[in-house]
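# Summary of the model geometry
One-letter residues, chain by chain:
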Amino acid sequence: MTTRRTLLIGLALAASGLTACSGEPTDNPTPVIATPTESGPAAHISVSADPTAAHNEADVAFARALLRHDQETLDLVKLAPSRASSLEVKQLAAEIELQQGPQRSELERWLLNRSQSVDSSANFKQAGTAKKLAALDGAAFDKAFLTAMVAHHEQGLALAATEMADGTEPAAKALAARITTERKPQLERMRTLLAG
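It is worth spelling out the nonpolar core at this point. Ranked by internal contacts, the top residues of the largest apolar core, which has 22 residues, are Leu76, Val77, Leu133, Phe141, Phe145, Met149 and Met190. Listed by contribution, the elements that provide at least two residues to this core are α2 (57-77), α4 (87-113), α5 (124-134), α6 (138-166) and α7 (170-195). Once you skip the residues sitting within four places of it in the chain, Leu133 turns out to touch Leu76, Leu79, Arg83, Phe141, Ala144 and Phe145. In this structure, Phe62, Leu107, Ala160 and Ile179 belong to the second largest nonpolar core, which totals 12 residues.

To continue, consider the confidence of the model for the protein. With 69% of its residues at a pLDDT of 70 or more, the protein shows a mean pLDDT of 78. Low pLDDT, under 50, characterises residues 1-45; the predicted model gives this stretch 72 contacts beyond four residues in sequence or across chains.

This part covers the packing of α2 against α7. Axis separation between α2 and α7 bottoms out at 10 Å; the angle between their running directions is 40°. With respect to their mutual orientation, α2 and α7 come out oblique. Pair α2 / α7 crosses with left-handed handedness. Of α7, the residues touching α2 (which contributes Asp59, Phe62, Leu66, His69 and Asp70) are Ala172, Leu175, Ala176, Ile179 and Arg183. Along the lines of polarity and charge, the residues of the contact of α2 with α7 split into 6 nonpolar, 1 polar and 3 charged.

Tallied over the full model, the rule gives 1 aromatic pair. Geometrically, the ring pair formed by Phe141 and Phe145 is stacked, given 5.5 Å between the ring centres and 15° between the ring planes. Pair noted here: Phe141 and Phe145 are both in helix α6, with a separation of 4 residues, about one helical turn. For Phe145, a relative accessible area of 0% corresponds to the buried category.

Moving on, we come to the pattern of salt bridges. Under the counting rule described, the total for this entry stands at 8 salt bridges. Residue Asp70 pairs with Arg183 through a salt bridge whose shortest N-O separation is 3.5 Å. With a gap of 113 residues between them, Asp70 in helix α2 and Arg183 in helix α7 connect regions that are remote in the sequence. A single burial state applies to Asp70 and to Arg183, both of which are buried. Glu154 serves as the salt-bridge partner of Arg191, at 2.7 Å between the closest nitrogen and oxygen. On the criterion of sequence distance, the pair formed by Arg191 in helix α7 and Glu154 in helix α6 is long-range, its members being 37 residues apart. The class of Arg191 is partly exposed, set by a relative accessible area of 35%. With relative accessibility at 37%, the residue Glu154 sits in the partly exposed group.

Rules behind the numbers
- Residues numbered from 1 in each chain as written.
- Predicted model: local features only at pLDDT ≥ 70, side-chain atom pairs only at ≥ 80, totals over all residues.
- Heavy atoms only, no water.
- Core = buried A, V, L, I, M, F, W, Y, C linked by side-chain atoms within 4.5 Å.
- Buried < 20%, exposed > 50% of the residue type's maximum accessible area, 1.4 Å probe, protein only.
- Helix = DSSP H or I, 4+ residues; strand = E, 2+ residues; numbered from the N terminus.
- Contact = heavy atoms within 4.5 Å.
- pLDDT = per-residue confidence, 0-100.
- Axes fitted to C-alpha atoms, helices over the stretch in contact; angles between N-to-C directions.
- Parallel < 35°, antiparallel > 145°, perpendicular 65-115°, else oblique.
- Left-handed = near helix turned anticlockwise from the far one by under 90°.
- Nonpolar A, V, L, I, M, F, W, Y, C, P; charged D, E, K, R; others polar.
- Phe/Tyr/Trp six-rings, centres within 6.5 Å; stacked < 30°, edge-to-face > 60°.
- Salt bridge = Lys/Arg side-chain N within 4 Å of Asp/Glu carboxyl O.

In structure tokens:
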């Protein structure tokens, strides 16, 4: 099977919502992280085919922090469809949800496959942000949402940078590199929308 065909099959699965949606055990235990690229909901990043692959405390801390971070993000972006007035804000929120929703499920599997605890509860400050955003709509929501998401993306990029510097598992480091590649352009779009 060619690499292109494999990628196209992955795209189809991600688009149809079949990736990481079933609680049924499968014959393939390989955790996969599904994230969109700039051209759409594309790549699948194998977290590790072997749960015993060499990893260190930094890799585990990265997975836990990113899992919690993604949950906090999803709590915010789910408000955009009904409250945002800007089409660009709605599109950005949908893109982020498509990226981080499947990724969250796979991070949980990565941790569990390594006998690590999973804690995806959002922090108190983020819960307060979601409550504040839920009370807004229209242009006021757009501005508050973008402001919150700029700070949130900056935190995500900091997590990725720490993993790149301190982690050892190649797949986890590859995920950190992809997060950097994908979220930097999103961050710039948010800043542009805020400035406009």
